[in-house]
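# Tertiary structure, described
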Amino acid sequence: MNAGIRSYFGAELIIEGELDKQKNYLIVSHPHGLFGIAYGYYAFELHQRFGTITLFTAADVILSIPLLRRTMVWWGMTKVGAAPLKRSLCEPWPFNAVQLQPGGIAEMFYGTDREQIILAKRKGLAKVALQTGVCLVPNYVFGVNEVYTRWFGPNSLAARVSSVLRTSLVAWSGRWGIPFSPVPNRVKMIIVLGKPIEVERIEEPTSEQVEALHARYVDALADLFDRHKHRMGEEWVARRGTLFLEDGKPIRAKRE
């Protein structure tokens, strides 16, 4: 599988830190794109290097579809709710890493014309990290927004209805412009896992502590994005070299 992704997308994987068997990790992935296409790539590499089996979170609606439910659970899916996520984050090695895509269904409509993620209001990930004492690993997948061409943006009717129904009504096209094609566009993809952010466990964190950790995470992700975006080439940086939050403001402006 990894050989195919490398060949098709010219994909590169950069892992900046190491995983300790005695610690747990929450890998926070951005952006969502149509789906988490890079998960299998880095999960395989983390297993090869550290013996870690990386679980992943997904919308609860998936568990309502019998055949899909069995397949996703077999692959390593866990529920995205706070309680099941905290249980998963307390599992011993080799199940000591969990992937989370905080943008969720809503973010599937973002990034159609620029790199934009939902993060400013996703402070629950910081609270869960504090309550469990897990390390936060920022993960950015450059190019994933262009793997499939999505037809509607975050302000569309489809996005609003998806929010109400809590399920995705995103429409897309793949390579050669074929609607709903499983064949992705052949674009460059760079997958970066940043250095783990150490977190001290606090069973009942205050809002100030949650805010502080969330700010640390946003800062680390912004640095990760800016340090590696050049790998996509000058033309890509000219088009998509600024990372925006859901409010439309550049993430760097939030930090300054």
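Just so it is clear, the structure is predicted and the values come from calculations on it, not from any experiment.

Here helix H8 (residues 207-228) is 22 residues long and its end C-alpha atoms lie 32 Å apart, about the 32 Å a rise of 1.5 Å per residue gives. Of all the residues in H8, the buried ones are Val210, Leu213, His214, Tyr217, Val218, Ala220, Leu221, Ala222, Leu224, Phe225 and His228.

That bond from His30 to Pro31 is cis: its omega, -20°, falls within 30 degrees of zero. Mapping Pro31 onto the fold places it in the loop between strand E2 (25-30) and helix H2 (39-50). Pro94 follows Trp93 through a cis peptide bond whose omega is 15°. Mapped onto the secondary structure, Pro94 falls in the loop between helix H4 (82-88) and strand E5 (97-100). Look at Phe180: it is not a glycine, yet its phi comes out positive at around 55°. Among the secondary structure elements, Phe180 is positioned in the loop between strand E9 (172-173) and strand E10 (190-193).

Here the focus is the nonpolar core. For soluble globular proteins, nonpolar side chains are generally found buried alongside one another. Among the nonpolar cores identified, the biggest contains 37 residues, and Leu26, Leu119, Leu136, Tyr140 and Phe142 are the most heavily contacted of them. If near-sequence neighbours (up to four positions away) are discounted, Tyr140 is found in contact with His30, Pro31, Glu115, Ile117, Ile190, Ile191, Val192, Leu221, Leu224, Phe225 and Leu243. Counting 35 residues, the second-largest nonpolar core is a separate cluster that includes Ile5, Tyr25, Phe50 and Tyr148.

Counted residue by residue, E2 has six buried out of six residues, so it is predominantly covered. By the alternation rule, side chains of E2 split into Tyr25, Ile27 and Ser29 and Leu26, Val28 and His30, which are all buried. Across four bridges, the pairing between E2 and E5 is parallel. Within E5, the residue paired with Tyr25 across the bridge is Ala97. Of the pairings in the sheet, the one linking E2 to strand E7 (residues 135-142) comprises six bridges and is parallel in character.

Basis of the calculations
Residues numbered from 1 in each chain as written. Predicted model: local features only at pLDDT ≥ 70, side-chain atom pairs only at ≥ 80, totals over all residues. Heavy atoms only, no water. Helix = DSSP H or I, 4+ residues; strand = E, 2+ residues; numbered from the N terminus. Expected span 1.5 Å × (residues − 1). Buried < 20%, exposed > 50% of the residue type's maximum accessible area, 1.4 Å probe, protein only. Core = buried A, V, L, I, M, F, W, Y, C linked by side-chain atoms within 4.5 Å. Contact = heavy atoms within 4.5 Å. Pairing = 2+ DSSP bridges.

Everything listed here is a matter of coordinates, which is why it stays silent on function.
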